[in-house]
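# A structural walkthrough
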Amino acid sequence: MARSVFYSFHYQNDITKVMVVRNRWVTHGGQIVSGVIDHADFEQVKRQGDAAIRRWIDKQLEGTSVTVVLIGADTLKRSYVKYEICESLKRGNPVIGVDIHRIKDFNGRTSIVCSHHTKIGQYENGMPAYFDDIASGIYDYIYDDGYNNLGRWVEKAVN
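In this report, the structure presented in the accompanying data block is examined. In this text, all values refer to a predicted model and were calculated from it rather than measured experimentally.

### Points about the overall build of the protein
Helix and strand counts for the protein come out as 6 helices and 7 strands. In the protein, the succession of helices and strands from N to C terminus is β-α-β-α-α-β-α-β-β-β-α-β-α. Across the 159 residues of the protein, 47% fall into the buried class. In the protein, once contacts between residues fewer than 6 apart in sequence are set aside, the share between residues at least 24 apart is 73%. Carbon and sulfur atoms make up 48% of the accessible area of the protein, which totals about 8400 Å².

See the structure below:
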């Protein structure tokens, strides 16, 4: 079944790795992609300020059923990624994490692993919310064969 999936990631650091994951959609299908934006388009939105970026994120999340956070070295530290995760949860989207640090970039380099125990927000009672506590699953794209299993992870999160 095709799912509308929002992909959250750190654009500047990880876009080449994200493109590896995105190219998987071409051969496997089964997902409608939201949240992957061209650099020039993002720069145009960014120049309009924080409110415009949040509006763009909110619009991209409309109609999605799952949020997949493609985790590089600094992804979970990014304020907009945290916003995307929190907004996804508010909308009822399950959130899964997929480590992409082992995917080679265009220069053949990998990156360090990001701690999944990273504060992404707080609950209404003021207690901190950590990514590894709210995620419906955390996987490694290389070790867990994301090329063949990403669709299964998305379905598992929904069910």
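### Section: the pairing of strand 1 (residues 3-8)
Within strand 1, 6 of the 6 residues are buried, which leaves it mostly tucked inside the rest of the structure. Note that strand 1 and strand 3 (residues 66-71) share 4 bridges and pair parallel. Following the sheet pairing, Phe6 is matched in strand 3 by Thr67.

Rules behind the numbers
- Residues numbered from 1 in each chain as written.
- Predicted model: local features only at pLDDT ≥ 70, side-chain atom pairs only at ≥ 80, totals over all residues.
- Heavy atoms only, no water.
- Helix = DSSP H or I, 4+ residues; strand = E, 2+ residues; numbered from the N terminus.
- Buried < 20%, exposed > 50% of the residue type's maximum accessible area, 1.4 Å probe, protein only.
- Contact = heavy atoms within 4.5 Å.
- Areas by Shrake-Rupley, 256 points an atom, 1.4 Å probe, with all protein chains shown as cover.
- Pairing = 2+ DSSP bridges.

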